[in-house]
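Below, each chain spelled out in residue letters.
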Amino acid sequence: LIAFVLMIGGAVAWYVLSPLLRTNVVDDALPVSAPEMPQVPESSPRATGELDSKQSAAPVLSAAFPVVDTPSHPASGTVRIVQSVDETIVRYENYKTINGPDVRVYLAKDLAAREYVDLGPLKGTEGNINYSVPKNVDVSQYRYVLTWCEDFSVLFNSAEISVSK
């Protein structure tokens, strides 16, 4: 019986503690806003610098919002909202946090994650990391980007965002 309890305890301890020992570095590129412009005759509007409204040289970046850690989950870096022609991205820059079991990234209306959109699992604990926002989601309706542990319903860190309309 003691061996069984130790085995179960060891498995639970490994599940909870082993992610803390793993560091995953990610360096996602900033998304490209518009495709390369094809060669056009000199007489066309594009050759004279008049571009379509959808074409731009770079994606639109929001201000950099600082990541705020919690006492038991240190973190640093910034969050930006990146708008390219094709998609909206939540982008962590110079991000650093600790790992944990089943850590997710949310767009949330509050710090308790009562209303949120799940952007997926934490891809890395350090670096520049992009998360695609579903096309039907209006980012301006959400106040926070959260790094959240699903298993224990614990906030790891957050960034308060504000998107101009």
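All values derive from a computational prediction rather than experimental measurement.

What to know about the nonpolar core
- Within the largest apolar cluster, 26 residues are counted, with the highest numbers of intra-cluster contacts made by Val 90, Tyr 92 and Leu 107.
- Secondary-structure elements contributing two or more residues to this core are strand 5 (75-83), strand 6 (88-97), strand 7 (103-108), strand 8 (116-121), strand 9 (126-133), strand 10 (144-149) and strand 11 (154-160).
- Judged by nonpolar contacts, the second largest core, of seven residues, contains Tyr 106, Ala 108, Tyr 144 and Leu 155.

Some details on the environment of Asp 27
- Summarising the element assignment, Asp 27 is placed in strand 1 (residues 25-27).
- Sequence separation between Asp 27 and Gly 124 is 97 residues; the distance between their C-alpha atoms is 9.0 Å.
- Reaching out from Asp 27, the side chain makes a polar contact with the side chain of Asn 128 at a distance of 3.0 Å.

Examining the packing of aromatic side chains
- Following the criterion strictly, the structure yields four aromatic pairs and no others.
- Where Tyr 92 meets Tyr 95, the ring centres are 4.1 Å apart and the plane angle is 40°; that geometry is what we call tilted. With respect to burial, Tyr 92 and Tyr 95 carry one shared label: buried.
- Each ring, one from Tyr 106 and one from Trp 148, has its centre 6.2 Å from the other, and the planes form 25°; the classification is stacked. Of the two residues, Tyr 106 sits in strand 7 while Trp 148 sits in strand 10, which places them 42 residues apart along the sequence.
- Judged by its relative accessible area of 1%, Tyr 106 falls in the buried class.
- By the ring-pair criterion, three or more aromatic residues cluster together here, those being Tyr 92, Tyr 95 and Tyr 131.
- Between the NZ or CZ atom of Lys 123 and the centre of the ring of Tyr 131, over which it lies, the distance is 4.9 Å.

Cut-offs used in this document
- Residues numbered from 1 in each chain as written.
- Predicted model: local features only at pLDDT ≥ 70, side-chain atom pairs only at ≥ 80, totals over all residues.
- Heavy atoms only, no water.
- Core = buried A, V, L, I, M, F, W, Y, C linked by side-chain atoms within 4.5 Å.
- Buried < 20%, exposed > 50% of the residue type's maximum accessible area, 1.4 Å probe, protein only.
- Helix = DSSP H or I, 4+ residues; strand = E, 2+ residues; numbered from the N terminus.
- Polar contact = N/O pair within 3.5 Å; in protein donor to acceptor, adjacent residues only side chain to side chain.
- Phe/Tyr/Trp six-rings, centres within 6.5 Å; stacked < 30°, edge-to-face > 60°.
- Lys NZ or Arg CZ within 6 Å of the ring centre and 35° of its normal.

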